[in-house]
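Each chain, letter by letter, is given below.
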Amino acid sequence: MSVQIRNLCKTFGSKKVLNNLNITLEDGGIYCLMGPSGMGKTTLLRIIMNLETKDSGEITGIDPDVEISSMFQEDRILPMLSAIANVNMMYEKKRPVKEIKEDLSQILPKKCLRQPVCELSGGMKRRVSLARCMHYQGKMIILDEPFTGLDMATKQEVISYILKNRRNRILLVATHGIEDAALLGAKVIHLEDCQELMDEMKAAIPSAQEMEEKIKREQNDLISSAPKQMLMGAGEMSARTYMMQHMAETNLKLLDGIPESEWERMGSILDGRIQEFERGKLIWNIGDTCTEFAVVLNGMVAAYTESLKQVESLVAKFGPGRCFGEMLPLSNAGSPVKVIAAEDSRILFLSREKLMEKPKTMQEAEMKAKIAWNMVFEISDKLEKVSVKLDTTSENTVREKIVKYLNSLPTEKDGTKTMFSMQKETAQYLRVSPEALSKELNDMERKGLIRKEENKVQILQPEFFALRPEAGIRSIHK
Ligand SMILES: Nc1ncnc2c1ncn2[C@@H]1O[C@H](COP(=O)(O)OP(=O)(O)OP(=O)(O)O)[C@@H](O)[C@H]1O
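A few points on the structure. What you are looking at is a predicted structure, and each value in this text was computed from that prediction instead of being measured. (Residues numbered from 1 in each chain as written. Predicted model: local features only at pLDDT ≥ 70, side-chain atom pairs only at ≥ 80, totals over all residues. Heavy atoms only, no water.)

**Concerning helix α4 (residues 97-104)**
Taken together, the buried positions of α4 are occupied by Ile100, Asp103 and Leu104. All buried residues of α4 fall inside an arc of 95° around its axis, so they share one side. Turned more than 90 degrees away from the buried face of α4, the exposed residues are Lys98 and Glu102. Those residues of α4 that are buried lie in contact with α3 (83-88), α5 (122-135) and α6 (152-165). (Buried < 20%, exposed > 50% of the residue type's maximum accessible area, 1.4 Å probe, protein only. Helix = DSSP H or I, 4+ residues; strand = E, 2+ residues; numbered from the N terminus. Arc of directions from axis to C-beta. Contact = heavy atoms within 4.5 Å.)

**Description of the nonpolar core**
Counting residues in hydrophobic clusters, the biggest one holds 37 residues, and the most contacted among them are Leu104, Leu130, Leu143, Phe147, Ile162, Leu171 and Leu184. Of all the elements in the fold, those that place two or more residues in this core are β3 (30-34), α3, α4, α5, β6 (140-144), α6, β7 (170-174) and α7 (180-184). A per-element tally of this core places α5 first, with six residues. Ignoring anything within four residues of it in the chain, the contact list for Leu104 reads Ala83, Ile84, Val87, Leu113 and Ala131. (Core = buried A, V, L, I, M, F, W, Y, C linked by side-chain atoms within 4.5 Å.)

**Describing the sheet that holds strand β1 (residues 3-12)**
The three strands are arranged β2-β1-β4 in an open sheet whose pairing can be described as antiparallel. Bordering the open sheet on either side are β2 (15-25) and β4 (56-60), each of which pairs with just one other strand. Between one strand and the next, the sheet's axes are offset by a mean angle of 20°, whatever the strand orientation. With four bridges connecting them, β1 and β4 associate as antiparallel partners. Bridging from a neighbouring strand, Ile5 pairs with Ile59 of β4. This element, helix α1 (residues 41-48), spans β1, β2 and β4 of the sheet and lies at about 120° to β1. (Pairing = 2+ DSSP bridges. Axes fitted to C-alpha atoms, helices over the stretch in contact; angles between N-to-C directions.)

**Let's talk about the sheet that holds strand β9 (residues 273-277)**
Ordered in space as β9-β15-β11, the three strands form an open sheet in which the pairing is antiparallel. Looking at strand neighbours, the two that pair on one side only are β9 and β11 (292-298), the edges of this open sheet. Neighbour-to-neighbour, the strand axes of the sheet open up by a mean angle of 30°, direction not taken into account. In the sheet, β9 pairs with strand β15 (residues 345-351) via five bridges, with the strands oriented antiparallel. Looking at the pairing, Gln275 lines up with Ile347 of β15.

**Here's the deal with the environment of Phe12**
In this structure, Phe12 sits in strand β1. Exposure remark for Phe12: the relative accessible area of 36% places this residue in the partly exposed category. As for Phe12 and Asp55, which are separated by 43 residues in sequence, their C-alpha atoms are 9.6 Å apart. Among all residues touching Phe12, those that are not within four sequence positions of it are Val17, Thr43 and Glu52.

**Structural notes on the site of the ligand**
The ligand sits among 14 residues. The nearest are Ser37, Lys41, Thr42, Thr43 and His176. Ser37 is positioned such that a nitrogen or oxygen atom in its side chain is 2.4 Å from an oxygen atom of the ligand. A distance of 2.9 Å is found between an oxygen atom of the ligand and a backbone nitrogen or oxygen belonging to Gly38. Protein burial of the ligand: of its 630 Å² of free accessible surface, 62% is covered by the chains. Here the element with the most residues in the shell around the ligand is α1; it accounts for three residues. When the residues that make up the shell around the ligand are grouped by side-chain class, the tally is four nonpolar, seven polar and three charged. (Near = heavy atom within 4 Å. Polar contact = N/O pair within 3.5 Å; in protein donor to acceptor, adjacent residues only side chain to side chain. Areas by Shrake-Rupley, 256 points an atom, 1.4 Å probe, with all protein chains shown as cover. Nonpolar A, V, L, I, M, F, W, Y, C, P; charged D, E, K, R; others polar.)

**A word on α6**
Counted at 1.5 Å a residue, the expected span for α6 with its 14 residues is 20 Å, and the 20 Å between its end C-alpha atoms agrees. For α6, the complete set of buried residues consists of Ala153, Thr154, Lys155, Gln156, Val158, Ile159, Tyr161, Ile162 and Asn165. Following α6 by one or two positions, Arg167 has its phi on the positive side, about 45°. (Expected span 1.5 Å × (residues − 1).)

**Quick word on unusual backbone geometry**
Of note, the phi angle at Asn7 is positive, near 50°, even though the residue is not glycine. Positionally, Asn7 belongs in strand β1. With a phi angle near 55°, Asp271 is a residue other than glycine that sits in the positive phi range.

Okay, structure coming up:
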């Protein structure tokens, strides 16, 4: 039976937070609840969980007191107990420690499972809290910003853990991460679309300009983190994906210099076709052949790649005036990319063949000249960026991989870096044998480059570890 939220209203004092909100959560569905900060996500989750009273409306299909398992924004774990004990508290009749240990070691280093959780890092505490939630039986799982403080690799591990242990329960995740929905395979619920927005509520919604800036920031974060991930040497991202991300950085402004009011007319002169896509609709699928340039006239589209583990991640978002056809030839070459409407969008498709044809009228010649100029300009810029190619892991020595990996980890306040997880998993992650990893770490310690203790590594000679991108990339035409 689905969970139905009908005409839900909530006011704090004079502040209207939810107004006639309607959402249906289908049995077994996965949902990401998104919305600007302060829009009422946590309030809605708390009302569903019966931790907050509603002013009016109704929620049917679930008994919040026994059927919901939740993870809050705060960890809510018992600090002096171990991760194992925290999880085992979910059971009236305790489960064998071995069983819990095995389960937890999917997302946490084995060594820390018996430590009091107050000694763990913030991200580790989040994972204990998540595991506790997943172990509770019920009909629905609610996670309020579960991925805060997790790096991309850990997030992917945690998401596989969630999906593996969900057992077809309804999953509702509040998040700000635009790529989380794709990683979870979730349907996105935009809180602002499910209710009647009062003027005061609209104030929480960012302006178009703020959104543009946010997207730019997120895009930049994604792009700047890409080489880092690659430098880890995990082989997870191909060189082609790397190139694509650099392409995304400069995605083609095919219509630059042509006023917006002219775009549609230009489309008709060049025999283009215009198609409308509702939010969430697939525009271009992985592997589709590319014979057209696709220019966003209105709305916003998002391009996703698929990693070797078939986890999708957002590569770029394109707003009006941007063209994504340039990325698609790469998909023919085997690099997976798909494009989805992130908002209701109108797309102008321009045939490559038509663009190449000799113009028949002056108007056509003028349009084509502008497009051709934009392409030349863009391509010359790109050639600069695509002039590097990633070495594949086979050419990297174990030490290079360790150095790159350590470089990619954040430095903690005490100057140490916490290794991804236990050595065995790190070895697997870096695609080297555990013996080779351990030998190399010992060697580096003997040479005074690092000091090891438990899961932590202290870098003693920072200059040796200074990020050297050229160690992982080489020029292909210089
Ligand atoms: N107990 C409360 N008393 C008064 N106002 C509250 C209370 N709880 C929440 N609010 C207000 O309700 C609004 C919605 O808050 P809520 O925490 O639900 O937003 P959110 O979408 O989850 O935000 P974020 O993404 O930042 O976590 C905010 O303006 C907040 O200040």
